[in-house]
Amino acid sequence: MKNYKVAVVGATGMVGRTFLKVLEEYKLPVSEYVLFASARSAGSEIDFMGKKYTIKELNESSFDEGFDIALFSAGGSTSEKFAPIAASKGCVVIDNSSAWRMDPNVPLVIPEVNPEDIKLNKGIIANPNCSTIQAIVALKPLHDKYKIKRIVYSTYQAVSGAGVAGWNDLENGIKGEQPKKFPHPIFNNCIPHIDVFTENGYTKEEMKMVNETKKILHDDSLRITVTTVRVPVFNSHSEAINVEFEKPFDLDELKALLASSEGIVVQDDPQNNVYPLAAEATGTDSVYVGRIRRDFSVDSGINMWVVADNIRKGAAANAVQIAKKMMEMDA
Ligand code: A2P
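Reading guide: rules and limits
- Sequence positions are assigned chain by chain, starting from 1 and proceeding in written order.
- Residue-level local features of this predicted model are given only where pLDDT is at least 70; pairs of side-chain atoms are given and counted only at 80 or more, and the full residue set underlies all totals for whole chains, interfaces and linings.
- In computing side-chain properties, one takes all heavy atoms of the structure into account and sets aside hydrogens as well as water.
- Secondary structure elements are defined from DSSP: runs of H or I of at least 4 residues count as helices, runs of E of at least 2 residues count as strands, and each element is numbered from the N terminus.
- A radius of gyration in this sense is built from C-alpha atoms; the matching globule rule multiplies 2.2 Å by the number of residues raised to 0.38.
- Think of it in three bands: residues with accessible area under 20% of the maximum for their type are buried, residues over 50% are exposed, and the middle band is partly exposed, with areas taken using a 1.4 Å probe on protein chains only.
- Any two residues whose heavy atoms approach within 4.5 Å at even a single point are treated as in contact.
- Each accessible area is a Shrake-Rupley estimate made with a 1.4 Å probe; only the visible protein chains count as cover when residues are assessed.
- Whether a residue is near a molecule or strand depends on its heavy atoms: it is near if one of them lies within 4 Å of it.
- Polar contact is defined as a pair of N or O atoms within 3.5 Å, subject to the rule that within protein one atom must be able to donate a hydrogen and the other to accept it, and that residues adjacent in sequence are counted only when both atoms are side-chain atoms.
- When residues are sorted by character, Ala, Val, Leu, Ile, Met, Phe, Trp, Tyr, Cys and Pro go into the nonpolar class, Asp, Glu, Lys and Arg into the charged class, and all the rest, Gly among them, into the polar class.
- Salt bridge, as applied in this entry: a Lys or Arg side-chain nitrogen positioned within 4 Å of an Asp or Glu carboxyl oxygen.
- Among the buried residues, those of types Ala, Val, Leu, Ile, Met, Phe, Trp, Tyr and Cys that are joined through side-chain atoms within 4.5 Å form a nonpolar core.
- Ring pairs are drawn from Phe, Tyr and Trp, using the six-membered ring of Trp, whenever the two centres fall within 6.5 Å, and their geometry is named by plane angle: stacked under 30 degrees, edge-to-face over 60, tilted for the rest.

Q: So what exactly am I meant to see when it comes to the overall build of the protein here?
A: A count of helices and strands for the protein gives 8 helices and 14 strands. Expected size for 331 residues packed as a compact globule is a radius of gyration near 20 Å; at 20 Å, the protein falls within 12% of this value. C-alpha atoms of the protein, sized along the principal axes, occupy 60 × 50 × 40 Å. Across the 331 residues of the protein, 53% fall into the buried class. In the protein, once contacts between residues fewer than 6 apart in sequence are set aside, the share between residues at least 24 apart is 68%. Here the protein has roughly 14500 Å² of accessible surface; of this, 49% comes from carbon and sulfur atoms.

If you want it as structure tokens, here you go:
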């Protein structure tokens, strides 16, 4: 197998640091890593793969030295500017921001769901929104078998999804300090407002879940509605998902289907208080599904509770898994 040269852009950030952790664990066939961030942290050192790496400042010529793959998590404007530069130098960018997700020339990939879309890339592959990734890992096998008609997503999202600043707001809020990142205190609160509001009354986060679900499942006919809520949990998003199907189903068969699908762990034994929990999902790359029960208000539908580590499966691990899949496809 070929040995790859990989850039990590935004290596000092919340997702960037998790890129490094996941890369250490996954042991990909990489001969050289170069870590980039802004001028603010250029020159500082990070422990990675058992040695010290010096952070380089990202600039227009950063990709001239030739990279095979670049993992980006440095915000939308950095991706907008630098992903095309990297791609023009022959590097494939796996971008964690929302900048390129809905571009028709950019595949939006979850490796368990649509790995074949990786091949359609023209230099940029987008990593979906964190809430969307965990939902679709759970929904894809159900869509294939029972054909989804309508989805109602209600999310309970951790502060780590808002980066270091979001994390600090909860930590400092517990001590009584005012928030800096969120519009209201997050401690002791639930804030039904993630990202900015759009003209239709939904937030951008909500519309990301609608649009990205359709794009990844290649199905514009899906009817989807969403409420996204920030909750005082440090890490791992939880989601109540209501799904209506076109076809009938047997509940035991549906649970068995989920349990045998890639990337999913079913935790569903309510009599013994077993169901997915944010605190237990943290630090892992699986999507946990439980509270699976028939929705009696429709002909064919279920409710389920879906939990995953939003920084790992919802961001860094999914991106590294895309890189791994690309390498396997090359081999
Ligand atoms: P830096 O630490 O130098 O500011 P988070 O979302 O957790 O705040 O992380 C954002 C990441 O994106 C950090 O690694 C940050 O680097 C990086 N970043 C922000 N702006 C730029 C930029 N213009 N060029 C390169 N990296 C950037």
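Past the structure itself, the notes keep going.
Q: So what exactly am I meant to see when it comes to the site of the ligand here?
A: Around the ligand lies a shell of 14 residues, among which Thr12, Met14, Ser38, Arg40 and Ser41 are the nearest. Take Met14: an N or O atom from its main chain is 2.8 Å from an oxygen atom of the ligand. At 2.6 Å from an oxygen atom of the ligand is found a side-chain nitrogen or oxygen belonging to Ser38. The fraction of the free accessible surface of the ligand (570 Å²) that becomes covered by protein chains is 68%. When grouped by side-chain class, the residues that make up the shell around the ligand number 6 nonpolar, 7 polar and 1 charged.

Q: Sorry, what's going on with the pattern of salt bridges here?
A: Opposite charge on two side chains permits them to pair, given that their charged atoms come into close proximity. On inspection of all chains with the given rule, the structure shows 19 salt bridges. Between Asp47 and Lys52 there is a salt bridge, and its shortest N-O distance comes to 2.7 Å. Notably, a salt bridge pairs Lys147 with Asp219, separated by 3.1 Å at the nearest N-O pair. With Lys147 in the loop between helix H3 (130-146) and strand E9 (148-157) and Asp219 in the loop between helix H5 (204-216) and strand E10 (223-230), the pair connects residues that are 72 residues apart, well separated along the chain. Its relative accessible area of 11% is what places Asp219 among the buried residues.

Q: Whenever I open this one, the nonpolar core confuses me. Can you help?
A: Ranked by size, the top nonpolar core spans 54 residues in total, and within it Phe63, Tyr153 and Met304 carry the most contacts. It is H3 that provides the largest number of residues to this core, a total of 8 residues.

Q: I'm lost on the environment of Glu328 in this one. Help?
A: Within the fold, Glu328 resides in helix H8 (residues 312-330). Here Glu328 falls in the partly exposed class, since its relative accessible area comes to 40%. Between the C-alpha atoms of Glu328 and Lys215, which are 113 residues apart in sequence, the distance is 24 Å.

Q: Any chance you could explain the packing of aromatic side chains here in plain terms?
A: The geometry of an aromatic ring pair is captured by two quantities: the separation of the ring centres and the angle between the planes. Enumeration according to the criterion identifies 11 aromatic pairs in this entry. With a centroid separation of 5.4 Å and 55° between ring planes, the pair formed by Tyr146 and Phe245 is classed as tilted. Highlighted residues: Tyr146 in helix H3 and Phe245 in strand E11 (residues 237-245), separated in sequence by 99 residues. Of the two residues examined, Tyr146 and Phe245, each falls in the buried class. With 5.6 Å between their ring centres and 75° between their planes, Phe245 and Phe249 make a pair best called edge-to-face.

Q: Which parts of the structure should I look at to understand unusual backbone geometry?
A: Glycine aside, negative phi is the norm for most residues, and most peptide bonds take the trans geometry. Phi angles above zero are rare outside glycine, and Met49 is one such case at about 55°. As for its position among the elements, Met49 is in the loop between strand E3 (45-48) and strand E4 (51-54). Judged by relative accessible area, Met49 falls into the partly exposed class, the value being 34%. For Ser236, which is not a glycine, the phi torsion comes out positive at approximately 85°.

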